[in-house]
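Structural overview
Listed below are the residues making up each chain.
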There are 2 protein chains.
Amino acid sequence: MAFTLEAEDGPARAGQLTTAHGVVETPVFMPVGTRATVKAVDPRELEQLGAQVILGNTYHLYFRPGAELIEELGGLHRFMGWERTLLTDSGGFQVFSLAETRKIDDDGVTFRSVYDGTLARFTPEVAMAVQASLRSDIAMAFDECAPAGAPRADLERAVERTARWAERCAVAPRPDGQLRFGIVQGGTDGELRARSAGHLTGLPFEGYAIGGLSVGEERELMFDVTSSTAALLPSGRPRYFMGIGDPEGILRVIGAGVDMFDCVLPTRLGRTGSATTWEGRLNLRNARFARDDRPLQEGCACPACTRFSRAYIRHLITQDELLGLRLLTLHNISFLLELCRAARGAILAGRFRSFSEEALDRLGSGTAQTSSGGDAQEAR
Amino acid sequence: MAFTLEAEDGPARAGQLTTAHGVVETPVFMPVGTRATVKAVDPRELEQLGAQVILGNTYHLYFRPGAELIEELGGLHRFMGWERTLLTDSGGFQVFSLAETRKIDDDGVTFRSVYDGTLARFTPEVAMAVQASLRSDIAMAFDECAPAGAPRADLERAVERTARWAERCAVAPRPDGQLRFGIVQGGTDGELRARSAGHLTGLPFEGYAIGGLSVGEERELMFDVTSSTAALLPSGRPRYFMGIGDPEGILRVIGAGVDMFDCVLPTRLGRTGSATTWEGRLNLRNARFARDDRPLQEGCACPACTRFSRAYIRHLITQDELLGLRLLTLHNISFLLELCRAARGAILAGRFRSFSEEALDRLGSGTAQTSSGGDAQEAR
């Protein structure tokens, strides 16, 4: 078994997922490395922050630099210098969200590349073959993700198609040791979620993702659907919520029984000049930080907070100096990883509920500033 | 005495310069940190590469974030998180090269800020006061740098003004432990160089810079003037050539008796996608690197070469990923620092001449690709 459940504390769980590149302690936040790099930082830094898994993206890597090239150079781990666990998404989300014109049929999707407009076609077999070439530790099934607010008929069609495609993904060739996760769809419709979970859990996947959320739906509804969907998934398999990266959201999905989650939010916030802190999101362009000699977050052990002041980082950001983007990105990732480690400790100690309540309380007004998870997943 | 001459090997020298922040072993390349950051890299990385001194820039820091702000936050070292030796230039070069309209009189220069066009005035006293606020370890005198090809009358006027200004700089207040270097001008005119060296060495400076070169003049002439000017400077004081950063140029000015030098070249090359190697300058955008699994430079111990391939760095550069700029910058700085350490070892062993000849030979066709030092100093 790849996954060992170590503790349950209400719906919240702590576990260990063993992959070909190590043991991942859950709950775990996974930084996103879309184009074979977590934007603005390097693999050594991610190791030092304690990142255990990062994501790569099948869609983008398929076009640039190309899956065969990465395979020829020894796979994505070796290509990007990352020695720990690597999860690749199937490219499905990008095919549906980035393409302006796309044609879906029961066999796959035809679309134009965002890079140069050339016509391309993804099928479940293509998505799994690309992920096999990349030699990721965890490959995701190719699914159809309906947009938020889609009519029930569209959601239902996506659920059915996702099931047929999952069957094909489940039998596609894969490299030794690669784990495969299915993705549950169904939007915010409880009946369709149950149907999709039924389809997927009947297939031999090593883990299950909750997809099709964090795409613009109302936030409390998103958490409700997450809870009810997680409860339909086998307890002995890891559960991955696709696309959440604000501290409140992370605490909420952990509380809903989710083990893994990813988001571009910490890296994107870093590149736009913002820091995630216990006092909320700080916009370092703000003049109030010009003479602020404090670190971004008191007590934070990240490479930014242990050496640099808000005043300095503000100077870097306002002068468009690259170091500013990197320091903010490092801090933001570190904040989420530390939050997950603390949540895991609380679950193992049987006190997740009070931990989560205190943390949400401490985040206080800061949480009011966080965007919905939706825009976080959109721009991956 | 701040400077100890350890060895002479022909005109080449090895020494130790003691500042308030440590001992600098010469010859030494000094990365440029114009706006309180060496572009694209961080102070920890520079320490790991073995950088001993970096530069800060009085002109830019005067305007952004302001010298009083940096002083209030404890000085430039603390502000930017750099714990080793820091040299600040006087801002003179930028006042003359960046300003579109400027008015020079015998007391100082009035010009418009490149940041917002506001009128500003630098005098020798202002330049030294700003450097005192920044609390750099080495402050440079405020000089007038005439453009390459200036008529002799202009050069002569700049030499005389530089002398008068140097007298004022030499008696300006300074923080405890700050060293002060004068700058020899005179363009490529031997007689004026000698006159300027005479002026400057008559003043109590702890070191002397050779300024007004690397601004567009013919390259062999630049080396000739460097040799003849260095010979006019006291052997017991460090000699700083302003603005050279290509491997051949560094070897040549060391051979001319220079101890210190700086340049934006390695950082700028990094940000434009190029790597300095023994086989010449590599443009990583070139398709020939797409499947090149080798490091930028075989045997190089820098953070880029020990973990990443040319193919990966090319991918990052072509996809505008920030990590690519950083890896190239780290490699380029590392290459020059390592070259200087090797040159120092050769001087101490009394074999600099053969070392330099072999290195220049090995650089081979690569040196033909290097630009004149001129454009390197221009855009600091």
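Residues numbered from 1 in each chain as written. Chains lettered and ligands numbered in written order. Predicted model: local features only at pLDDT ≥ 70, side-chain atom pairs only at ≥ 80, totals over all residues. Heavy atoms only, no water.

**What to know about the interface of chain B and chain A**
Short version of the rule: Working rule for contacts: check all heavy atoms of both residues, and any pair within 4.5 Å makes them a contact. A 1.4 Å probe defines the accessible area here, and the buried area is the portion of it lost by two parts on being joined, summed over both. Note on definitions: salt bridges are taken to be side-chain nitrogens of Lys or Arg within 4 Å of carboxyl oxygens of Asp or Glu. A 3.5 Å cut-off defines polar contacts: any pair of N or O atoms within that distance qualifies, except that in protein one atom must be a possible hydrogen donor and the other a possible acceptor, and neighbouring residues in sequence count only when both atoms are side-chain atoms. When residue character is reported, Ala, Val, Leu, Ile, Met, Phe, Trp, Tyr, Cys and Pro are called nonpolar, Asp, Glu, Lys and Arg charged, and the others, Gly included, polar.
On the side of chain A, 40 residues touch chain B, which itself brings 40 residues to the contact. Summed over both sides, the interface between chain B and chain A buries roughly 3,700 Å², with carbon and sulfur atoms accounting for 49% of that surface. Counting every contact that joins chain B to chain A gives 15 salt bridges. Where chain B meets chain A, there are 22 residue pairs in polar contact (both at pLDDT 80 or more). Its residues assigned to classes, the side of chain B that touches chain A comprises 19 nonpolar, five polar and 16 charged.

**What about the side chain of B:His77?**
All names here are of chain B. Defined as follows: A run of DSSP states H or I qualifies as a helix once it reaches four residues; a run of E qualifies as a strand once it reaches two. Both are numbered from the N-terminal end. Each residue is assigned to one of three classes by its accessible area relative to the maximum for its type, calculated with a 1.4 Å probe on protein chains only: buried under 20%, partly exposed between the two thresholds, exposed over 50%.
With respect to the secondary-structure elements, His77 resides in helix 4 (residues 76–80). Residue His77 is classed as buried on the basis of its relative accessible area of 9%. A polar contact of 2.8 Å, which involves the side chain of His77, links it to the backbone oxygen of Arg84. Excluding residues that lie within four positions of it along the chain, His77 makes contacts with His21, Trp82, Glu83, Arg84, Thr85, Leu86, Arg135 and Asp137.

**A closer look at unusual backbone geometry**
The linkage connecting A:Arg64 with the following residue, A:Pro65, adopts the cis geometry, with an omega of 0 degrees. As for its position among the elements, A:Pro65 is in the loop between helix 2 (58–63) and helix 3 (67–72). Each neighbour pair has its own omega, and for B:Thr26 with B:Pro27 the value is 5 degrees, a cis peptide bond. You will see that A:Arg135, though not glycine, has its phi angle at about 55 degrees, which is positive.

**Brief notes about the relation of the copies chain B and chain A**
Convention followed: When the copies are superposed, the least-squares fit takes in the C-alpha atoms of residues with a pLDDT of at least 70 in both.
Laying chain B over chain A is done by rotating through 180 degrees and shifting 0.0 Å along the axis; what remains is an RMSD of 0.0 Å. Accordingly, the operation relating the two chain copies is best matched by a two-fold axis. Proximity to the rotation axis, assessed at the C-alpha, singles out B:Leu322 in chain B; its C-alpha lies 3.9 Å from the axis. Interface residue correspondence from chain B to chain A reaches 100%, placing this contact among same-surface, isologous pairings.

**Topic: the sheet that holds strand 1 (residues 3–9) of chain B**
All names here are of chain B. What counts, and what does not: Between any two strands, pairing holds if DSSP finds at least two bridges. To get an axis, a line is fitted to the C-alpha atoms, and for a helix only the part in contact is used. The angle between two axes follows their N-to-C directions and goes from 0 to 180 degrees.
Read across the open sheet, the three strands follow the order 1-2-3; overall the sheet is antiparallel. For this open sheet the edge positions go to strand 1 and strand 3 (22–26), each flanked by a neighbour on one side alone. Along the sheet, successive strands turn relative to each other by an average axial angle of 10 degrees, direction set aside. Across six bridges, strand 1 lies against strand 2 (residues 12–19) in antiparallel orientation. Bridge pairing links Glu8 to Arg13 in strand 2. Its contacts with the sheet place helix 13 (residues 322–348) against strand 1, strand 2 and strand 3, and it is angled at close to 115 degrees to strand 2.

**Quick look at the pattern of salt bridges**
Tallying each qualifying case throughout the model produces 73 salt bridges over all chains. Among the salt bridges present, the one from A:Glu248 reaches A:Arg219, with a minimum N-O distance of 3.2 Å. In this pair, A:Glu248 is assigned in helix 10 (residues 247–255) and A:Arg219 in helix 9 (residues 219–230), connecting sequence segments 29 residues apart. Here A:Glu248 and A:Arg219 have matching classes, each one buried. B:Arg121 serves as the salt-bridge partner of B:Asp107, at 3.2 Å between the closest nitrogen and oxygen. Of this pair, B:Asp107 sits in the loop between strand 7 (102–104) and strand 8 (109–112) while B:Arg121 sits in strand 9 (residues 119–122); the two residues are 14 residues apart in sequence, bridging distant segments of the chain. By relative accessible area, which is 28% here, B:Arg121 ends up partly exposed. Counted as one network, the salt bridges with shared partners bring together A:Arg152, A:Glu156, A:Glu160, A:Arg164, A:Glu167, A:Asp189, A:Glu191 and A:Arg195.

**Re the pairing of strand 2 (residues 12–19) of chain A**
All names here are of chain A. The buried fraction of strand 2 is high, at six of eight residues. Hairpin connection, strand 1 (residues 3–9) to strand 2: the antiparallel pair is bridged by two residues, and Gly10 has positive phi, about 65 degrees. As paired elements, strand 2 and strand 3 (residues 22–26) share five bridges and run antiparallel to each other. Residue Gly15 lies in a different strand from strand 3, and its bridge partner there is Thr26. Connecting strand 2 to the next strand, strand 3, in antiparallel fashion are two residues.

**Observations concerning the packing of aromatic side chains**
Short version of the rule: Any pair of Phe, Tyr and Trp rings, taking the six-membered ring for Trp, is counted once the centres come within 6.5 Å. Such a pair is stacked with planes under 30 degrees apart, edge-to-face with planes over 60 apart, and tilted for the rest.
One pass over the full model with this rule turns up 28 aromatic pairs over all chains. Here the aromatic rings of A:Phe63 and A:Phe111 are separated by 6.1 Å at their centres, their planes lie at 90 degrees, and the arrangement is edge-to-face. Here A:Phe63 is found in helix 2, whereas its partner A:Phe111 is found in strand 8 (residues 109–112), with 48 residues between them in sequence. Take A:Phe63: its relative accessible area is 12%, and that puts it in the buried class. Each ring, one from B:Phe63 and one from B:Tyr115, has its centre 6.1 Å from the other, and the planes form 40 degrees; the classification is tilted. With B:Phe63 in helix 2 (residues 58–63) and B:Tyr115 in the loop between strand 8 and strand 9, this pair connects stretches of sequence that are 52 residues apart. By way of ring pairs, the aromatic residues A:Tyr59, A:Tyr62, A:Phe63, A:Phe111, A:Tyr115, A:Phe122, A:Phe142 and A:Trp165 are connected into one cluster.

**What to know about the sheet that holds strand 8 of chain B**
All names here are of chain B. With respect to topology, three strands assemble into an open sheet ordered 7-8-9, the strand pairing being antiparallel. Single-partner strands in this sheet number two, and they are strand 7 and strand 9. If you compare each strand with its neighbour and ignore which way they point, the axes differ by 15 degrees on average. With four bridges connecting them, strand 8 and strand 9 associate as antiparallel partners. The residue bridging Thr110 from the neighbouring strand is Arg121, located in strand 9.

**Considerations on the side chain of A:Thr123**
Residues and elements named next belong to chain A. Looking at where Thr123 falls in the secondary structure, it is placed in the loop between strand 9 (119–122) and helix 6 (124–134). Within the structure, the side chain of Thr123 is placed 3.0 Å from the backbone nitrogen of Val126, a separation counted as a polar contact. Here Thr123 is in contact with Asp107, Gly108, Phe142 and Arg168, once residues within four sequence places are set aside.

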